[in-house]
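Take a look at the letters that make up each chain.
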Amino acid sequence: LYFVSDRPGGKGGKDIWKTYKDENNQWVSPVNLGAIINTPYDEISPFIHVNGESLYFSSKGHAGMGGYDIFMSELSEEKWSTPRNMGYPLNDHNDQVSLYITSDGLKGYYTMERHEGSWTSILHSFDVPKEFRIKKRSVFTAGHVKDKETGKFLDADVKLYDQSNSQLISKLKSDVVTGEYTVVLTEGNEYGLYVERKGYLFADFSIKVDKIEDFDKGELEVELQPIKEGASMILHNLYFEFDSYELKKESYSELETVFEFLKANRNITIEIQGYTDSKGETAYNLELSKNRAEAVYNYLVSRKVPPIMLSFKGYGASNFITSNDTAENQAKNRRIEFKISKITN
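In this report, we go over the structure that sits alongside the text. Here the structure is a predicted model, which is why all the values come from computation and not from measurement. (Residues numbered from 1 in each chain as written. Predicted model: local features only at pLDDT ≥ 70, side-chain atom pairs only at ≥ 80, totals over all residues. Heavy atoms only, no water.)

## Observations regarding helix α1 (residues 252-264)
Turn by turn, an α-helix covers 3.6 residues, leaving residues three or four places apart pointing in a common direction. Spelled out, the test is: Put simply, DSSP marks the helices as runs of H or I at least four residues long and the strands as runs of E at least two long, and each gets a number from the N terminus on. By this rule, a helix spans an expected 1.5 Å times one less than how many residues it contains. Think of it in three bands: residues with accessible area under 20% of the maximum for their type are buried, residues over 50% are exposed, and the middle band is partly exposed, with areas taken using a 1.4 Å probe on protein chains only.
Here α1 is 13 residues long and its end C-alpha atoms lie 18 Å apart, about the 18 Å a rise of 1.5 Å per residue gives. Ser253, Glu254, Leu255, Glu256, Thr257, Val258, Phe259, Phe261 and Leu262 are the residues of α1 that are buried.

Structure follows, in structure tokens:
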């Protein structure tokens, strides 16, 4: 959340601050955006693009054309770039405030305020010049959450993680009546999407957005499996080094989701199952699949999951979920699953 305040600790006048909700759904202490963005004068009407990296705001303190002008800054490696005045004809001697940029970065809307005996505010739209377009465009994708067995729509927690750093990007709930949800994806990123509801196995998806033009905007339907003995699921966001059982850092969001699931369901016992494709010797595949399953087991035990809730086994090149005729299919067969082996009252 980006907001304006003249609270103590700023750079002078009205400044732009930001805060976010922590894992307990509480707002953390606001942080001033600093002297690159804020001046001794007033900065107002911040607009952060849905990509989370492009900031537009109005300022009287940065070099402008009179009154409030609109500026743009980009976030890179946790640092804001020097704000750029968006220039004439968008900015002039009047006040320009409250800019909004569409998710594809092509269209903008703002307010021009003029004082001629009384104040008037006029809404304008414009095509964003190339030099002020966002570096990363965003797109929306949507879907519905339902019970896999009954087809009933469900309200569930939907979490979106950036897989490069396992950072939580957004958290929302699907609609209680329709089960509908919507998430925002930004090009150039790879995401882990998790859908969770009490009494069900969570669902996970891996989503990669290279370019908006190539992204399939079709709905992503989610079917949640009720918790019961014999129920199983593939962990789609676990990644290992090549020909190794070393877990990559991109696996953290998946591992944490499994940990939270087990913490909330202390009465179940699961078997962690490792599988490989058909390439390689049988004995080698069995050993590699066992070691990968054990790596997941060891992580969960390190997080204080009681070992009595867990077991692991390698199944090598067996139980294929698809043919091994292409590299893509082979990648699908190389997987980790977990299966609920026991439920106690």
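## Digging into helix α2 (residues 282-302)
The cut-off we apply is this: Residues are treated as being in contact if the distance between any of their heavy atoms lies within 4.5 Å.
Along its 21 residues, α2 runs 30 Å from first to last C-alpha, staying within 8% of the 30 Å computed at 1.5 Å per residue. For α2, the complete set of buried residues consists of Asn285, Leu288, Ser289, Asn291, Arg292, Ala293, Ala295, Val296, Tyr297, Tyr299 and Leu300. Those residues of α2 that are buried lie in contact with α1, β20 (268-275), β21 (310-314) and β22 (335-343). Two residues or fewer past α2, Lys304 is found with a positive phi of approximately 75°.

## Some words on the nonpolar core
Going by this rule: For this analysis, a nonpolar core means a set of buried residues of the types Ala, Val, Leu, Ile, Met, Phe, Trp, Tyr and Cys, connected via side-chain atoms within 4.5 Å.
Judged by nonpolar contacts, the single largest core of 29 residues is most densely connected at Leu262 and Leu300. Top element by residues in this core is α2. It accounts for six residues. When near neighbours in sequence (up to four residues on either side) are disregarded, Leu300 contacts Leu255, Val258, Phe259, Leu262, Ile272, Val305 and Leu310. Val145, Leu185, Leu193 and Ile207 belong to the second largest nonpolar core, which has 21 residues in total.

## With respect to the packing of α1 against α2
This is how the line gets drawn: Think of each axis as a best-fit line through the C-alpha atoms, taken over the contacting stretch in the case of a helix, with angles from 0 to 180 degrees between the N-to-C directions. An angle below 35 degrees is treated as roughly parallel, one above 145 as roughly antiparallel, one from 65 to 115 as roughly perpendicular, and anything else as oblique. Throughout, a crossing is termed right-handed when the near helix is turned clockwise from the far one, and left-handed when it is turned anticlockwise from it by less than a right angle. Side-chain classes are defined by residue name, with Ala, Val, Leu, Ile, Met, Phe, Trp, Tyr, Cys and Pro counting as nonpolar, Asp, Glu, Lys and Arg as charged, and the others, Gly among them, as polar.
Interhelical geometry of α1 versus α2 gives an angle of 60° and a closest axis separation of 10 Å. Comparing their axes, α2 and α1 come out oblique. Where α1 crosses over α2, the handedness of that crossing is right-handed. Touching Tyr252, Leu255, Glu256, Val258, Phe259 and Leu262 of α1 are Val296, Tyr299 and Leu300, all from α2. For the contact of α1 with α2, a count of residues per class yields eight nonpolar, no polar and one charged.

## A look at the sheet that holds strand β15 (residues 180-186)
Quick note on the threshold: Two strands qualify as a pair provided DSSP detects at least 2 bridges between them.
Taken together, the three strands give an open sheet; going across it, the order is β15-β12-β18, and neighbouring strands pair in mixed fashion. Edge positions in the sheet fall to β15 and β18 (222-224), since each has one partner strand and no second. Adjacent strand axes in the sheet meet at a mean angle of 30° when their direction is disregarded. By the bridge criterion, seven bridges tie strand β12 (residues 138-147) to β15 in an arrangement that is antiparallel. Note that in β15 the partner of Phe140 across the bridge is Val184.

## Focus: a negative patch on the surface
Put simply, the rule reads: In this scheme, patches are assembled from residues that exceed 30% relative accessible area and form no salt bridge. Like charges are connected within 9 Å, while nonpolar side chains (Val, Leu, Ile, Met, Phe, Trp, Tyr) are connected within 5 Å. Here the open area of atoms and residues is found with the Shrake-Rupley method and a 1.4 Å probe, where only the protein chains shown may cover a residue. By definition here, a salt bridge exists when the distance from a side-chain nitrogen of Lys or Arg to a carboxyl oxygen of Asp or Glu is within 4 Å. Neither His nor the chain ends is counted toward charge; the positive residues are Lys and Arg and the negative residues Asp and Glu. Positions of charges follow a simple convention, taking NZ of Lys, CZ of Arg, CG of Asp or CD of Glu.
A cluster of acidic side chains, namely Asp175, Glu180, Glu219, Glu221 and Glu223, defines a negative patch on the protein surface. Following the sequence through the fold, Asp175 ends up in the loop between β14 (167-173) and β15.

## Looking at the packing of aromatic side chains
The cut-off we apply is this: Working definition: rings of Phe, Tyr and Trp (its six-membered ring) pair if their centres are within 6.5 Å, and the pair is stacked with planes under 30 degrees apart, edge-to-face with planes over 60 apart, and tilted otherwise.
For the structure shown, the criterion picks out twelve aromatic pairs. With a centroid separation of 6.4 Å and an interplanar angle of 55°, the aromatic rings of Tyr194 and Phe202 are classed as tilted. Both residues of the pair, Tyr194 and Phe202, belong to the buried class. The structure contains a cluster of three or more aromatic residues connected by ring pairs, namely Tyr161, Tyr194, Phe202, Phe261 and Phe338.

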